[in-house]
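Residue-level listing of the chains:
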Amino acid sequence: MLSVRGFRLTGQGMMSMNKELPLEIEDNRLELENRIRNLLWTVSGDYTLEMKPDVSLFLRSKAIALYDGIKQGAFARFYDKDMVGLYLVKKIFLEAGESELTAVAQLCIEEAVGEKLCEERPGVREMQRQAFEDILDQEFERMPSRGDLLGRLKVAVLRDRLSGGTHMVERQIKVFRDMVYQAREAKDAMELIQVIDSLYNAMIDPSFVSRHGGLDKVLAVTLEDLTEFGWEDFLSEEMYEEALESYVEQLTNRMTGLEDSSVTEEMEEKRKVKHKVTVLPPEALEKAHTYVELNYGKTYLTPAEEKRMNYLMCREIHSDCSLYFTEGILKNPVKRNYQFEYAKRLKNKNIWLYHQKHRIVKRNIAGLTELLRKSLVLRSETQEVLSDRGIIVPSRVWRVGRSREASIFKRELKGEASDFVVDVLIDASGSQMSRQGEVALQAYIISEALSNVEIPHRVMSFCTFWDYTILHRFREYDAPRSENENIFDYVTSSNNRDGLAIKTVGYGLLNREEEKKILIVLSDGRPYDVIVNRPNARNPQPYHGKYAAADTATEVRRLRNLGVSVLGVFAGEEKDLATEKKIFGKDFAYIHDITNFSRIVGRYLTKQLETDG
């Protein structure tokens, strides 16, 4: 058995991915590159193979990144990868479309290698499935248009593999998909090249043969011809001296993947500035409010209300901070910019996960509803108690003047089931990105159950950008049940100043008239906010580690002292569990699996409902 930190390959090909795989790409780039190279070398059996791992894929999906590394190793073992790479360069030299040809090659190589790899190492199959699902989810928000044959073909191939060969498509796409499937029978690199070439000519450029000749003409292109051509414009990096050699290497690395590299690049750009101290000129800060509005949606507060909340909440260690209240960019956009489209994509991802886990979610909603309903029924039952007033009890009249227990009346005490209010606060920082859908489902389950038993509740998320803590309201306390679906607008980004968010939400909760107030915080136990350095301003102390945890714990204790019951629902990494315990004490729930979510959270809520005062 070969054990590589972060994953394990056994003789039977079983693989397990470490859930603690680092997400901070820049800080762990060399380590991750070594992991992927070890995978490639292990599967290929050739420790002389050179590759430049695309570590940025970890931003998108650990499954895609690791599966790509494994598949590169398998492809190098089953086929002559250099021969296929050189064919692609020659075809592009004869004016074939680079992106289209690469995409066609990727589909054919997957068919040539994927099943062989899974049969040899069964543990890879689950990773392959997850990689396919992530690609479909991230690249195809909706079905490609009828004119996008390549996009439709990619969806058809991946969905057919995920369904076990039962996915139905229109006749035209089926013809092309059957051509892709011919790659399964390719015994060597030349047979694979023939499949790639035929598919490109049939689907992408039917006139290619008449203009440039068939495969024999492509393969007849000499190295001298290629060397004289200027490949610099095709290179993704400028550090190489030998342009042709560099381009062949670049294309050879790309042809074994399936993902759209432009999506990866977008996600890489969004994370480049994370955990860096940012120096902003004064003119940029003047535009900060406008920028926040552009990327998080318009605020629902008036300027006067916003100023008042900042005055009340942003004090002491938060004195250099600001609050921004919004219903999100999807509800109130300034314009439909990139951030709007990104938020829409993530909303669809949340909804897709809901449909995938529909039965589990419905079962959790029903279970939590039943627990709450039973507790409310018990609370609303009428009790008879002895009193100094009410209806006289004849059998107790003799006690007058003879006993200290001289209560001779009885009266009914009617329980009150409608004196509860709940706030649900969700950590929406970038560290929640990997579990975004699961967190949205947790909040949705709570909200649906509370709606079923008619307990007023508010659901908000929080994150921090620059010196703004953004509070995104999904539903207000007395909103109709239909507003619960807004929770699927949940998007993660930037950092998080937990203490300020809890303090602000607690302020609204304390102003409610209900007697029993409950705050549920869904977080990963990692309060963290970067410093924003700017001229002529007092910079706050870095908000992270023990300092941030202590502040958050202080706000939790303050609310509890004021009569608010606070529950922490933890869905982060085990290494952050100790911090979560310090913040919330004994009142926190560790959610390993959403299957048991209603039972774990229900136990706490019913305890609150059944306790007086």
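Residues numbered from 1 in each chain as written. Predicted model: local features only at pLDDT ≥ 70, side-chain atom pairs only at ≥ 80, totals over all residues. Heavy atoms only, no water.

1. Quick look at helix 22 (residues 545-561)
Think of an α-helix as 3.6 residues a turn; residues three or four steps apart then line up on the same face.
Stage number 1. Here helix 22 contains 17 residues, and its C-alpha end-to-end distance of 24 Å stays within 8% of the 24 Å for a straight helix at 1.5 Å per residue.
Stage number 2. For helix 22, the complete set of buried residues consists of A548, A549, D551, T552, A553, E555, V556 and L559.
Stage number 3. Residues of helix 22 that are buried make contact with helix 21 (498-510), strand 12 (516-523), strand 14 (564-570) and helix 23 (577-584). (Helix = DSSP H or I, 4+ residues; strand = E, 2+ residues; numbered from the N terminus. Expected span 1.5 Å × (residues − 1). Buried < 20%, exposed > 50% of the residue type's maximum accessible area, 1.4 Å probe, protein only. Contact = heavy atoms within 4.5 Å.)

2. Observations concerning the nonpolar core
Stage number 1. Grouped together as the largest cluster of nonpolar side chains are 63 residues, with contacts concentrated most on L153, L192, I196 and L199.
Stage number 2. In terms of residues, this core owes the most to one element, helix 5 (residues 98-120), which gives nine residues.
Stage number 3. Apart from residues no more than four positions distant in its own chain, L192 is found in contact with F75, Y79, C108, I109, A112, A183 and A186.
Stage number 4. Grouped together as the second largest cluster of nonpolar side chains are 51 residues, L353, V422, I518 and I594 included. (Core = buried A, V, L, I, M, F, W, Y, C linked by side-chain atoms within 4.5 Å.)

3. Let's talk about the sheet that holds strand 11 (residues 468-475)
Stage number 1. Taken in spatial order, the seven strands of this open sheet run 5-11-10-9-12-14-15, and their pairing is mixed. Of all strands in the sheet, those bounded by a partner on one side alone are strand 5 (322-326) and strand 15 (588-590). On average, each strand axis in the sheet is tilted by 20° relative to the strand beside it, whichever way the strands run.
Stage number 2. Where strand 9 (residues 420-427) and strand 10 (residues 457-465) come together, six bridges link them in parallel fashion. Looking at the pairing, V424 lines up with V459 of strand 10.
Stage number 3. Set on the sheet, helix 20 (residues 436-452) makes contact with strand 9, strand 10, strand 11, strand 12 and strand 14; between it and strand 12 the angle comes to about 160°.
Stage number 4. Contacts from helix 22 reach strand 12 and strand 14 within the one sheet, and its direction differs from that of strand 14 by about 145°. (Pairing = 2+ DSSP bridges. Axes fitted to C-alpha atoms, helices over the stretch in contact; angles between N-to-C directions.)

4. Comments concerning the packing of helix 17 (residues 303-313) against helix 21
Stage number 1. Relative to each other, helix 17 and helix 21 sit at 115°, their axes nearing to 11 Å. Like other packed secondary-structure pairs, helix 17 and helix 21 cross with a definite hand, here right-handed. In contact with R308, M309, L312 and M313 of helix 17, helix 21 contributes L500, K503, T504 and Y507.
Stage number 2. Residues belonging to the contact of helix 17 with helix 21 are distributed by class as follows: five nonpolar, one polar and two charged. (Left-handed = near helix turned anticlockwise from the far one by under 90°. Nonpolar A, V, L, I, M, F, W, Y, C, P; charged D, E, K, R; others polar.)

5. Here's the deal with the environment of D320
Stage number 1. With respect to the secondary-structure elements, D320 resides in the loop between helix 17 and strand 5.
Stage number 2. Expressed as a C-alpha distance, the spacing of D320 and Y468, which sit 148 residues apart in the sequence, is 9.4 Å.

6. Concerning the side chain of K90
Stage number 1. Tracing the chain through its elements places K90 in helix 4 (residues 81-93).
Stage number 2. Although K90 is buried, it makes no salt bridge; D225 carries the closest opposite charge, 8.6 Å away.
Stage number 3. In this structure K90 touches V218, L219, V221 and L226, once residues within four positions along its chain are discounted. (Lys, Arg positive; Asp, Glu negative; His and termini not counted. Salt bridge = Lys/Arg side-chain N within 4 Å of Asp/Glu carboxyl O.)

7. What to know about the pattern of salt bridges
Stage number 1. A full pass over the atoms with the stated rule returns 28 salt bridges.
Stage number 2. One salt bridge in this structure joins R473 and E327, with 2.8 Å as the shortest N-O distance. Taken together, the residues span a long stretch of sequence, with R473 in strand 11 and E327 in the loop between strand 5 and helix 18 (338-356) at a distance of 146 residues.
Stage number 3. On the basis of relative accessible area, R473 is assigned to the buried category, the value being 16%.
Stage number 4. Judged by relative accessible area, E327 falls into the partly exposed class, the value being 26%.
Stage number 5. A salt bridge links R512 to E514; its shortest N-O distance comes to 2.9 Å. For the pair shown, R512 and E514 are each scored as buried.
Stage number 6. Via salt bridges that share partners, K71, E110, E111, R161 and R184 belong to a single interconnected network.

8. Quick look at the confidence of the model for the chain
Stage number 1. This prediction gives the chain a mean pLDDT of 80; 77% of its residues lie at or above 70.
Stage number 2. Below a pLDDT of 50 lies the segment residues 1-27, which in the model reaches 65 contacts outside its immediate sequence neighbourhood of four places, other chains included.
Stage number 3. Segment residues 273-277 is flagged for pLDDT under 50; beyond a separation of four residues in sequence, or across chains, it makes nine contacts in the model. (pLDDT = per-residue confidence, 0-100.)

9. Here's the deal with the side chain of E514
Stage number 1. Here E514 lies in the loop between helix 21 and strand 12.
Stage number 2. Here E514 falls in the buried class, since its relative accessible area comes to 15%.
Stage number 3. Side-chain polar atoms of E514 contact the side chain of R512, separated by 2.9 Å.
Stage number 4. Among all residues touching E514, those that are not within four sequence positions of it are D419, F420, V421 and P456. (Polar contact = N/O pair within 3.5 Å; in protein donor to acceptor, adjacent residues only side chain to side chain.)

10. Describing the pairing of strand 14
Stage number 1. Most of strand 14 is tucked away, with seven of its seven residues classed as buried.
Stage number 2. Side chains V564, V566, G568 and F570 of strand 14 all project onto a buried face; the interleaved residues S565, L567 and V569 project onto the opposite face, where all are buried too.
Stage number 3. Relative to strand 14, strand 12 runs parallel, the two sharing seven bridges. Across the sheet, residue V521 finds its bridge partner in strand 14, namely G568.
Stage number 4. When strand 14 meets strand 15, the two strands line up parallel, connected through three bridges. By the bridge assignment, V569 is partnered in strand 15 with A589.
Stage number 5. Since strand 14 and strand 15 lie parallel, the crossover through helix 23 that links them has a hand, and here it is right-handed. (Right-handed = clockwise from strand over helix to strand, strands pointing away.)

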